[in-house]
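Read off the chains here:
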Amino acid sequence: MGQQDVWRLLSRFSSLRRANVILQHLRMSTHTEASEVLLERRGCAGVITLNRPKALNALSLNMIRQIYPQLKKWEQDPDTFLIIIKGAGGKAFCAGGDIRALSEAKKARQDLTQVLFREEYVLNNAIACCQKPYVALIDGITMGGGVGLSVHGQFRVATERSVFAMPETGIGLFPDVGGGYFLPRLQGKLGYFLALTGFRLKGREVHRAEIATHFVDSDKLHMLEEELLALKSPSAEDVAGVLESYHAKSKMDQKKSIIFDEHMDRINSCFSANTVEQIIENLQQDGSPFALEQIKITLRQLIEGSAKTLQEVLTMEYRLTQACMEAHDFHEGVRAVLIDKDQSPKWKPSNLKDVTDEDLKGYFKSLGSNDLKF
């Protein structure tokens, strides 16, 4: 493969067409009912099952409001020793959140955009701070809000069916749910590449990226779960021991990864720049299909987040969400990708040079008494 072929490949990673495919998984109905999430005490564990398989277990405010208080109860319960979260249906762990509903609510001047992000981020932080072992079985599609439900937990188990991505820049948003914390901490510049392009990692790649702590064959997940449930008063070390035994026995698909086996050096080189302009120049692109302002926001988010705590990052990201909801590009991205499906968003501004540092500062400024607090 020649250098020009490599540039062409890297450029394709960020195509709006790819973003459209991913974002179809983020669509969900506004119908909510208690069965959207199942909360059970089984054996030594509390088990959370995201139960919207037809919607690829997409996350709703109703689900967040059921999961959070139960998580806190199990954390304090002396008879609950670990927490397991999984998705129903076999296709997805959780494909994301209600993107379209957020845009519609904002246009209708409803407060969903303030409430959902605030409560979702509080849940993300609770998962990160959980005092009990937290095991996320990220079998299938895991994107956006699903990443927030898994990546901050102590144990993340991928399978050959796992598909991980943060595709938000494709609709004029940014990779939130703590993306500004965990993405810049991935190896090399991998997190910057994933954030700016929305590229999908699959199967073993999710483990190689250290997004997953373990890799288990999908047909062994039921046995793994039953063995975890059968543990007697397990410690985190006991849980880790079971996971490691299944990890060691997995087939661990040995096919070459284009990203890790062929292109990591170039990714590290291209995405090491501190400006979007230089990154684009590095990739020899003539333009970008993404909202240019959101790309600049995302790069600054990751650079700043690399030196912040998770709570500081979530506070920063809450400010960004509220600014994005007030701005043009998020709603235009939703229109172009999910509503009219013309794949021709009209970004404002349309040129990278017209995105000023002063514009960016407005997105990051404090919300005062409305800031997210923990």
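Structure: see above.
Only a predicted model underlies this, so the values are computations on that prediction, with no experimental measurement involved. (Residues numbered from 1 in each chain as written. Predicted model: local features only at pLDDT ≥ 70, side-chain atom pairs only at ≥ 80, totals over all residues. Heavy atoms only, no water.)

Between helix 4 (residues 99-107) and helix 5 (residues 112-129), whose axes approach to 8 Å, the crossing angle comes to 140°. In this view, helix 4 runs oblique relative to helix 5, as classed from their interaxial angle. Counted together, A101, L102, A105 and K106 of helix 4 and L112, T113, Q114, L116 and F117 of helix 5 form the full contact between these two elements. Considering only residue class, the contact of helix 4 with helix 5 consists of six nonpolar, two polar and one charged. (Axes fitted to C-alpha atoms, helices over the stretch in contact; angles between N-to-C directions. Helix = DSSP H or I, 4+ residues; strand = E, 2+ residues; numbered from the N terminus. Parallel < 35°, antiparallel > 145°, perpendicular 65-115°, else oblique. Contact = heavy atoms within 4.5 Å. Nonpolar A, V, L, I, M, F, W, Y, C, P; charged D, E, K, R; others polar.)

Moving on, we get to unusual backbone geometry. Of note, the amide linkage connecting K348 to P349 takes the cis form, showing an omega dihedral of 0°. The backbone phi angle of V177 is positive, close to 45°, even though this residue is not glycine. Looking at where V177 falls in the secondary structure, it is placed in the loop between strand 8 (163-165) and helix 7 (179-182). Here the phi dihedral of Q343 falls at roughly 55°; this positive angle occurs in a residue that is not glycine. Of note, Q343 is situated in the loop between helix 16 (329-339) and helix 17 (357-364).

On to the pattern of salt bridges. Under the definition given, this model contains 17 salt bridges. In this structure, R42 engages E225 in a salt bridge whose closest nitrogen and oxygen atoms are separated by 3.0 Å. You can see R42 sitting in strand 1 (residues 37-42) and its partner E225 sitting in helix 10 (residues 221-229), a full 183 residues away along the chain. Note on R42: relative accessible area 24%, which makes it partly exposed. Taking relative accessible area as the criterion, E225 reaches 5% and is therefore assigned buried. For E119, the salt bridge is made with R65, and the minimal N-O distance between the two is 2.8 Å. You can see E119 sitting in helix 5 and its partner R65 sitting in helix 3 (residues 61-76), a full 54 residues away along the chain. With relative accessibility at 26%, the residue E119 sits in the partly exposed group. Salt bridges sharing partners connect three or more residues here, namely R42, K86, E225 and E226. (Salt bridge = Lys/Arg side-chain N within 4 Å of Asp/Glu carboxyl O. Buried < 20%, exposed > 50% of the residue type's maximum accessible area, 1.4 Å probe, protein only.)

If you look at the biggest cluster of nonpolar residues, it comprises 87 residues, and the most contacted ones within it are L50 and L194. In terms of residues, this core owes the most to one element, helix 15 (residues 310-326), which gives nine residues. In this view, L194 contacts F164, M166, L183, L186, F199, L201 and I211; residues no more than four positions away in its chain are not counted. (Core = buried A, V, L, I, M, F, W, Y, C linked by side-chain atoms within 4.5 Å.)

The next thing to look at is the sheet that holds strand 9 (residues 201-202). Taken in spatial order, the four strands line up as 4-6-8-9 in an open sheet, and their pairing is mixed. Looking at which strands have only one partner, the edges of the open sheet turn out to be strand 4 (92-94) and strand 9. Of the strand pairs in this sheet, strand 8 and strand 9 are connected by two bridges, and their pairing is antiparallel. When the sheet's bridge partners are listed, F164 is paired in strand 9 with L201. (Pairing = 2+ DSSP bridges.)

Once that is clear, we can look at the pairing of strand 5 (residues 134-138). Here strand 5 lies mainly inside the structure; five of its five residues are buried. Residues Y134, A136 and I138 of strand 5 are buried on one face, and the alternating residues V135 and L137, pointing to the opposite face, are buried as well. Alignment of strand 3 (residues 82-87) against strand 5, held across three bridges, turns out to be parallel. Considered in strand 5, the bridge of I85 is made with A136. Bridging between strand 5 and strand 7 (residues 155-158) involves four bridges; their strand directions are parallel. Among the inter-strand pairings, L137 is bridged to a residue of strand 7, identified as V157.

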